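Residues per chain, in single letters:
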Amino acid sequence: PPSDSPDHRVGWFDASTSWGMGGAFLVPRGDGYVAYFYVFEWSTLQQRWHVNVLEAVAGLTLLVAGHVVSPAPFVTEFGDNNVANASARKNASPNLQIAQVLRHRASYVKDEQITTRQFRVSSEENVLGDPLSRGPKYMSLFKKNARSRSRRDFVRTNGDPTDDSPSSRRTRRATPRGS
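What counts, and at which threshold
Numbering of residues begins from 1 in every chain and follows the order in which that chain's sequence is written. A pLDDT threshold of at least 70 governs which residues receive local features in this predicted model, and a stricter bar of 80 or more applies before side-chain atom pairs are shown or counted, although totals over entire chains, interfaces and linings include all residues. Hydrogen atoms and water are omitted, and side-chain values are computed over all heavy atoms in the structure. By definition here, a salt bridge exists when the distance from a side-chain nitrogen of Lys or Arg to a carboxyl oxygen of Asp or Glu is within 4 Å. Under the DSSP-based scheme used, a helix requires at least four consecutive residues in state H or I and a strand at least two consecutive residues in state E, with every element numbered from the N terminus. For every residue, the accessible area obtained with a 1.4 Å probe (protein chains only) is divided by the maximum for its type, and the residue is called buried under 20%, exposed over 50%, and partly exposed between those limits. To get an axis, fit a line to the C-alpha atoms, keeping to the stretch in contact for a helix; angles then go from 0 to 180 degrees between the N-to-C directions. Under this scheme an angle from 65 to 115 degrees is roughly perpendicular, one under 35 degrees roughly parallel, and one over 145 degrees roughly antiparallel; angles in between are oblique. Crossing handedness follows the turn of the near helix against the far one: under a right angle anticlockwise gives a left-handed crossing, and clockwise gives a right-handed one. The contact criterion used throughout is that any non-hydrogen atoms of two residues lie within 4.5 Å. All amino acids are sorted into three groups, where Ala, Val, Leu, Ile, Met, Phe, Trp, Tyr, Cys and Pro are nonpolar, Asp, Glu, Lys and Arg are charged, and the leftover types, Gly among them, are polar. Residues are called lining when one of their atoms sits within 4 Å of a cavity or pocket point, these points coming from a 1 Å grid over the protein atoms alone, where a cavity is a set in which a 1.4 Å probe fits but cannot get out and a pocket is an open set with protein on both sides within 12 Å along at least five of seven lines. Grid points are joined across faces, edges and corners, and a volume is the space filled by probe spheres set on the points.

1. Here we look at the pattern of salt bridges
Scanning all chains against the criterion turns up 3 salt bridges. When the shortest N-O distance is used, the salt bridge between Arg105 and Glu77 registers 2.4 Å. Residue Arg105 is found in helix H3 (residues 96–112), and its partner Glu77 is found in strand S4 (residues 74–79); the two are separated by 28 residues along the sequence. Between Arg134 and Asp130 there is a salt bridge, and its shortest N-O distance comes to 3.1 Å. The class of Arg134 is partly exposed, set by a relative accessible area of 33%.

2. A closer look at the packing of helix H2 (residues 82–90) against H3
Across the interface, H2 lies against H3 with an axial gap of 10 Å and an inter-helix angle of 45 degrees. For the element pair H2 / H3, the angle class is oblique. H3 is crossed by H2, and the crossing has right-handed handedness. Of H3, the residues touching H2 (which contributes Val83, Ser87 and Ala88) are Ile98, Leu102 and Arg105. Residues of the contact of H2 with H3, tallied by class, amount to 4 nonpolar, 1 polar and 1 charged.

3. Description of empty space enclosed by the protein
This structure, assessed with the given rule, holds 2 cavities of 30 Å³ or more. Estimates place the volume of the largest cavity at around 50 Å³. Lining the largest cavity are Phe13, Glu55, Ala56, Gly59, Ala84, Ala88, Val101, Leu102, Arg105 and Gln118. Counting residues per element, the ones that place at least two in the lining of the largest cavity are helix H1 (51–69), H2 and H3. Taken as a whole, the second largest cavity holds about 40 Å³ of empty space. If you list the elements that add at least two residues to the lining of the second largest cavity, you get strand S1 (8–15), H1 and S4. Here the lining of the second largest cavity is composed, by residue class, of 5 nonpolar, 3 polar and 2 charged.

In structure tokens, the structure reads:
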């Protein structure tokens, strides 16, 4: 289905070794969009992981956070890491950490009956995911980029991939904020 169909969710994600990960997806509302996003700062241990692993985790987190907020049977995700995207497309990786992430991803898409596609974009084109992965000082750049895509409101979702409690699977349903 086309990207503006309610059956199709589109999102962007990124991970950086310097701060953490983030992702966003736009959900149609009225004549504009609501920008749902997540950010997560890496622990000291996680910062030692290879960036390809971090990117795979960021993609899985976007998939789950997006489905909790706006379930859709078709999902397109854009990220700027060749290895993470190729691994997700093939559902295979020689890296054991990425393989573990892919195992969780495969289980999730099977259980939720989601069809996913992951594509690579350049870091310069990843205008929603890249700023979120770089920390709070880049939030204004994310909001500026989202506004250029007709967003109306912003809602932060839970992006903690280590928290599997039932409450973490739900979005913090705060009232959308305009800025």
